[in-house]
Amino acid sequence: MSTHVLEHNEPDYLQVKSKHKGIFAWILSTDHKRIGILYLITMGIFFSVAVLLGFLMRMELISPGKTIMDPQTYNSLFTLHGVIMIFLFIIPGLPAVFGNFFLPILIGAKDVAFPRINLLSWWLFLIGGLLAVISIFLPGGPVDTGWTFYIPYSIRTTTNVIPALFAAFVLGFSSILTGINFVTTVHRLRAPGMKWFKMPLFVWSLYATGWVQVLATPIVGITLLLVIIERTLGVGIFDPALGGDPILFQHLFWIYSHPAVYIMILPAMGIISEVIPVFARRTIFGYKFIAFSSLAIALFGSLVWAHHMFTVGMSDTAMWIFSLLTFLVAIPSAIKVFNWVATLYKGSIELEPAMLFALAFIFHFTIGGFTGIMQATLALNIHIHDTSFIVAHFHYVMFGGTGFGIFAAAHYWFPKMFGKIFNRQAAKAAWLLIVLGFNTLYFPLFIAGYLGMPRRYYDYLPEFHIYHFISTVGSWILILGLLIMLINFFVALKRGRKADANPWGGETLEWKIQSPPILENFHEIPVVETDPYDYSKYEIDRKESK
Amino acid sequence: MSQSVQASVHIHRDDVGARIGMWLFLFTELILFGGLFIVYAVYRFTYSNEFALAAKELDTFLGMVNTLVLLTSSLTMAMSITAIQKQNKNLAMLLIGLTIALALTFMVNKYFEWGAKFSHGIYPGGNELINKTNGEILYFGLYYVMTGLHGLHVIIGVIILSVMLYFIRTDHITKDSFVKLENSGLYWHLVDIIWIFLFPLFYLIH
Amino acid sequence: MSHHNENKTHVIGYGTYALVWLALVSFTGITVAVAGIDIGNFTIVVALLIASIKSILVLTIFMHLRFEDKVFRMFVFIAFLTLAIFIGLTFFDYSFIR
């Protein structure tokens with residue numbers, strides 16, 4: 001069980017003195033934990049802005065015709081909502097906040113391999129984010145191309161494409177540096193005894209994600225750079241009037257942006273693999289399968305990108321090959337779902353908030369995954385491409401999946417990061433509202449899309465009104481739940497009860513150190529001898545009680 | 001249960017880790033240029049005749065000279081590491097200096113090459129290029145972007161190597177600690193490899 | 001995990017480097033010469049093959065891959081494989097009838 005490890009009087013990482021004064025002790029810190037917090041704060045602000053944009057979009061769509069804004073504004077809104085959510089929240093999300101904070105601790109290290117590059121990653125994140133915000137206000141107006149920046153419109157539009165693309169380029173660099181750091185850290189800084197197959201599964205997921213960040217991001221980097229070059233120098237590469245091929249842009253864009261969704265989901269799956277064993281008091285079912293499936297998803301996920309392009313006129317050969325590969329990538333994902341559910345079987349379930357979000361993840365990810373298979377089916381895709389069916393699908397996996405993974409991680413690790421515990425009842429109430437709101441918001445969009453409602457449309461036919469109305473009401477319930485969750489955290493930070501070093505009974509290394517951790521995480525680097533998720537003592541109890 | 005060992009207080013040096021990080025970074029450069037190679041491959045496949053026509057404008061001899069210049073700069077770069085390992089500080093500095101000189105030679109050649117094209121109106125938006133076919137326009141678009149991005153990396157390499165020269169002079173790079181030089185070398189060799197592919201793809205289409 | 005014995009002491013001689021350079025220069029000459037011969041669509045195959053051989057020489061000797069831990073070679077393989085996959089799969093679209 002948990003032990004208090006406060007034999008030494010060392011200050012924790014929040015209190016420790018730095019050679020810098022005031023805010024510089026934070027923004028110039030190379031401590032992976034402080035950097036994780038910096039990401040948490042800046043990301044939280046960007047997330048809130050993007051949620052607000054989503055709220056406004058749903059307000060506009062509550063009824064046909066103009067509600068609160070004109071069409072141009074709507075186009076910019078959905079573009080910005082996408083750009084901020086994707087590049088400033090979901091992609092960096094888990095790796096930058098929880099990966100930074102916990103990767104070294106989970107493998108028994110004092111920090112990542114390259115702490116100063118880690119700080120640079122955050123600064124690039126901040127600069128990229130600010131550039132994206134600035135691009136809203138420069139003359140020319142906020143970008144209206146959609147977050148996908150398809151040519152030729154992104155070449156022709158007079159809105160601020162160049163600053164927005166440059167922001168994305170800078171953010172890509174931030175992501176790449178994080179990937180380099182994490183891959184190297186996992187190879188070089190594991191504690192004695194922490195062999196590859198003794199690593200926690202969150203670490204496996206960060207490792208696989210790191211590779212995708214390194215190998216996929218540069219493609220979108222050069223692609224966005226080429227659009228900037230096209231706009232400024234007119235080289236012709238992406239200008240159809242000079243021979244440029246819009247489909248080639250889409251290939252290059254999605255060669256990154258599809259693996260990007262695996263950057264989003266893999267760490268979230270890692271979180272679920274951490275949370276489920278703890279709150280089911282059972283060791284994870286099929287550890288090696290889950291570890292290898294992370295690598296398999298990273299590999300196969302890089303082979304499926306053109307399933308975003310089934311309606312553009314590719315060759316039949318390409319169409320069926322990409323459709324087949326997309327079906328295949330569902331297999332390792334499904335393996336994970338089976339293993340999580342098998343872990344629950346005959347487990348001793350504790351419905352703490354982190355577990356509730358993890359269970360909701362499984363439910364949402366399954367829906368998102370099934371609808372993904374539907375979309376991978378060529379005949380069906382022709383009808384549902386560019387409808388709100390797609391919008392519902394990706395929100396189920398990105399928000400219902402990764403988003404909920406982030407919320408699960410937040411509730412799981414809050415006591416460790418801050419040494420305080422939040423109000424569990426409030427957290428559960430927030431969870432309920434969030435789940436109800438989320439499903440009310442997005443499920444009707446499956447139906448509307450199937451019936452023909454296009455995506456990115458400012459206006460629509462009366463027959464879709466009912467679905468949009470329900471959806472918008474769902475957004476209000478969702479936002480209420482999010483607010484309660486956030487306020488719960490803030491109240492806990494200010495005057496929450498002090499937390500145990502191990503309030504949940506976890507077995508991985510972070511629960512064996514104090515809350516909050518000291519600067520170097522461990523008083524002495526541990527020697528690891530047990531498997532992670534070793535709940536064998538509970539097995540003995542269960543067997544004896546039969 | 002788990003025991004513990006004493007942790008060291010210093011941040012311990014890890015040369016292998018530093019090299020792993022550098023290789024990972026090189027992969028990003030490979031894929032960055034790789035994207036351009038994908039564009040090249042698609043457009044050459046689509047416009048193969050126009051590419052062959054446009055390539056006639058390039059000076060194969062100058063391209064070959066530049067290839068030899070970069071290959072030689074890789075030689076001097078690699079040798080500088082051997083020199084440092086043999087504690088021959090002056091030779092190491094000389095070799096790095098030669099590498100820089102060769103890199104600058106490359107850039108000077110490039111300057112003349114581009115200059116000649118510009119004076120003939122062959123540049124994006126130029127009056128000569130505008131009248132050519134789409135395939136030729138794309139060829140030159142790719143030529144300028146790819147050799148331009150490569151040239152930018154050569155300039156960055158010159159800056160990095162100049163810093164390394166300074167580090168050797170001030171004994172921050174020594175026989176016992178030279179991973180910075182190794183990593184700079186890795187970068188430089190990648191710049192060479194990219195040109196090894198650029199040369200035949202732009203200069204040797206017949 | 002002790003890394004104390006890993007700091008490289010392997011020194012590659014100037015002569016070895018010079019020989020590699022000689023090979024690289026020779027291959028450059030070959031590739032220019034071959035470009036003058038009309039072998040149709042094979043020109044690009046030969047050119048890329050020679051460029052690949054030159055790159056392998058630079059990677060293994062100049063960049064020390066031959067003397068590094070196996071994991072480095074695995075990494076490089078993965079990176080090139082990834083690029084090859086990107087190009088190959090894209091061509092499933094372009095080289096078949098649309």
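In this numbering scheme, every chain counts its residues from 1 along its sequence in written order. Chain letters and ligand numbers both follow the written order, the letters beginning at A and the numbers at 1. Local features are withheld for residues below a pLDDT of 70 in this predicted model, meaning they are given only at 70 or higher, and side-chain atom pairs are given and counted only at 80 or more; totals for whole chains, interfaces and linings count all residues.

So, the overall build of chain B
The condition that has to hold: Numbering of helices and strands runs from the N terminus; a helix is a DSSP stretch of H or I covering at least four residues, while a strand is a stretch of E covering at least two. Values of the radius of gyration come from C-alpha atoms, whereas the globule rule sets the reference at 2.2 Å times the count of residues to the power 0.38. For the exposure call, what matters is how many other C-beta atoms sit within 10 Å of a residue's own: 20 or more marks it buried, 12 or fewer exposed, and in between partly exposed, using C-beta atoms placed from the backbone. Contacts here follow a simple rule: the backbone-placed C-beta atoms of the two residues must lie within 7 Å.
Regarding its fold elements, chain B presents seven helices and zero strands. Along its sequence from the N terminus, chain B presents helices and strands in the succession α-α-α-α-α-α-α. Computed over C-alpha atoms, the radius of gyration of chain B comes to 21 Å, more than 25% over the 17 Å expected from 2.2 N^0.38 for 206 residues, which places it beyond the range of a compact globule. Burial status across chain B gives 49% buried among its 206 residues. A fraction of 77% describes how many contacts in chain B between residues 6 or more apart in sequence connect residues 24 or more apart.

With respect to the overall build of chain C
The secondary structure content of chain C amounts to three helices and zero strands. Sequence-ordered secondary structure for chain C, helices as α and strands as β, is α-α-α. On C-alpha atoms alone, chain C measures out to a radius of gyration of 18 Å, which is more than a quarter above the 13 Å that the 2.2 N^0.38 rule sets for 98 residues. In chain C, which comprises 98 residues, the proportion classed as buried is 29%.

What about helix H3 (residues 70-94) of chain C?
Heads up, the condition is: In this analysis, the expected span of each helix is defined as 1.5 Å times one less than the number of residues it contains.
Between its first and last C-alpha, H3 of chain C extends 36 Å over 25 residues, near the 36 Å set by a 1.5 Å rise per residue. Buried within H3 of chain C are the following residues: Phe75, Ala79, Thr82, Leu83, Phe86, Leu89, Thr90 and Asp93 of chain C. Against helix H8 (201-233), helix H9 (246-280) and helix H11 (316-344) of chain A together with helix H1 (15-46) of chain B lie the buried residues of H3 of chain C.

Structural notes on the environment of Tyr442 of chain A
Residues and elements named next belong to chain A. Summarising the element assignment, Tyr442 is placed in helix H15 (residues 424-450). In this structure Tyr442 comes out as buried when scored by C-beta crowding, with 25 C-beta atoms within 10 Å. When neighbours within four sequence positions are excluded, Tyr442 is seen to be in contact with Ala392, His395 and Tyr396.

With respect to the interface of chain B and chain C
Listed per partner, the contact involves 33 residues of chain B and 32 residues of chain C. At the level of secondary structure, the elements contributing two or more residues to the side of chain B that touches chain C comprise H1, helix H3 (60-85) and helix H7 (179-203) of chain B. If you tally residues by element for the side of chain B that touches chain C, the top one is H3 of chain B, at 12 residues.

Regarding the interface of chain B and chain A
Filter applied, for reference: Residue type decides the class: Asp, Glu, Lys and Arg count as charged, Ala, Val, Leu, Ile, Met, Phe, Trp, Tyr, Cys and Pro as nonpolar, and the leftover types, Gly among them, as polar.
On the chain A side, the residues contacting the 32 residues of chain B number 34 residues. At the level of secondary structure, the elements contributing two or more residues to the side of chain B that touches chain A comprise H1 and helix H6 (134-169) of chain B. The leading source of residues in the side of chain B that touches chain A is H1 of chain B, at 15 residues. Residues that form the side of chain B that touches chain A fall into these classes: 19 nonpolar, 12 polar and one charged.

Examining the confidence of the model for chain B
Going by this rule: Across the chain, each position has a pLDDT score giving the predictor's confidence in that residue, from 0 to 100.
Counting all residues, the mean pLDDT for chain B is 93, and 95% of those residues have values of 70 or more. When the criterion is pLDDT under 50, residues 1-10 of chain B qualifies, and its contacts beyond four places in sequence or with other chains add up to 17 contacts.

Observations concerning H9 of chain A
All names here are of chain A. Going by this rule: The angle between axes fitted to the seven-residue stretch ending at a residue and the seven-residue stretch beginning at it gives the bend at that residue.
Across its 35 residues, H9 extends 50 Å between first and last C-alpha, which sits within 8% of the 51 Å expected from 1.5 Å per residue. The largest bend in H9 amounts to roughly 30 degrees and is located at Trp254. Across the 35 residues of H9, 33 count as buried, placing the element largely inside the fold. Phi turns positive one or two residues past the end of H9, at Arg281, with a value near 50 degrees.

Here's the deal with the nonpolar core
Residues and elements named next belong to chain A. In plain terms, the rule: For the purposes of this analysis, a nonpolar core is taken to be any set of buried Ala, Val, Leu, Ile, Met, Phe, Trp, Tyr and Cys residues that are connected through C-beta atoms within 7 Å.
Counting residues in each nonpolar core, the largest one holds 284 residues, and the members touching the most others are Val275 and Ala408. A total of 23 residues in this core trace back to one element, the largest contributor, which is H9. Not counting residues within four places of it along the chain, the set of residues in contact with Ala408 comprises Ile271, Ile272, Val275, Ala354, Phe357, Ala358 and Phe361.

So, the packing of H3 of chain B against helix H1 (residues 14-35) of chain C
Here is the rule: Only the contacting stretch of a helix is used when fitting its axis, a line to C-alpha atoms as for every element, and angles between N-to-C directions run 0 to 180 degrees. Roughly parallel covers angles under 35 degrees, roughly antiparallel covers those over 145, roughly perpendicular covers 65 to 115, and oblique covers all other angles. Handedness of a crossing is defined here by the sense of rotation of the near helix relative to the far one, left-handed for an anticlockwise turn of less than a right angle and right-handed for a clockwise turn.
Axis separation between H3 of chain B and H1 of chain C bottoms out at 10 Å; the angle between their running directions is 165 degrees. Taken as axis vectors, H3 of chain B and H1 of chain C run roughly antiparallel relative to one another. The hand of the H3 of chain B/H1 of chain C crossing is right-handed. Contact residues: Thr60, Met64, Thr67, Leu68, Leu71, Thr72, Leu75, Ala78, Met79 and Thr82 of chain B in H3 of chain B; Tyr14, Tyr17, Trp21, Leu24, Val25, Thr28 and Val32 of chain C in H1 of chain C. For the contact of H3 of chain B with H1 of chain C, the class distribution of residues is 12 nonpolar, five polar and no charged.

So, the environment of Val97 of chain A
All names here are of chain A. Topologically, Val97 is positioned in helix H4 (residues 93-106). C-beta crowding within 10 Å serves as the criterion here: with 26 such atoms nearby, Val97 is assigned to the buried category. C-alpha separation for the pair Val97 and Ala409, spaced 312 residues apart in sequence, amounts to 9.9 Å. Each residue touching Val97, except ones within four places of it in the same chain, is listed here: Gly36, Tyr39, Leu40 and Met43.

Observations regarding the packing of helix H12 (residues 353-376) of chain A against helix H14 (residues 388-418) of chain A
Any two packed helices are characterised by the angle at which their axes cross and by the distance between the axes. All names here are of chain A. The contact between H12 and H14 brings their axes to 8 Å, and the two run at 160 degrees. Between H12 and H14, the interaxial angle falls into the category roughly antiparallel. Pair H12 / H14 crosses with left-handed handedness. When its residues are assigned to classes, the contact of H12 with H14 shows 15 nonpolar, 10 polar and no charged.

Considering unusual backbone geometry
Note that the residue after Ile151 of chain A, namely Pro152 of chain A, is joined by a cis bond; omega there is 0 degrees. Relative to the helices and strands, Pro152 of chain A resides in the loop between helix H5 (115-137) and helix H6 (153-156). With omega at -15 degrees, the peptide bond leading from Ser515 of chain A into Pro516 of chain A counts as cis. One can find Pro516 of chain A in the loop between strand S2 (497-498) and helix H17 (536-544). With a phi angle near 70 degrees, His64 of chain C is a residue other than glycine that sits in the positive phi range. Along the polypeptide, His64 of chain C turns up in the loop between helix H2 (42-62) and H3. By C-beta crowding, His64 of chain C is classed as buried, having 20 other C-beta atoms within 10 Å.

Examining the confidence of the model for chain C
Residues and elements named next belong to chain C. When pLDDT is averaged across chain C, the result is 89; 91% of the residues are at 70 or more. Per-element confidence in chain C ranges from a low mean pLDDT of 94 for H2 to a high of 96 for H3. Low confidence marks residues 1-5, where pLDDT is under 50. Its contacts with residues over four positions away, or in another chain, come to four contacts. Interface confidence for the predicted complex, expressed as ipTM, amounts to 0.94; the pTM equals 0.94.

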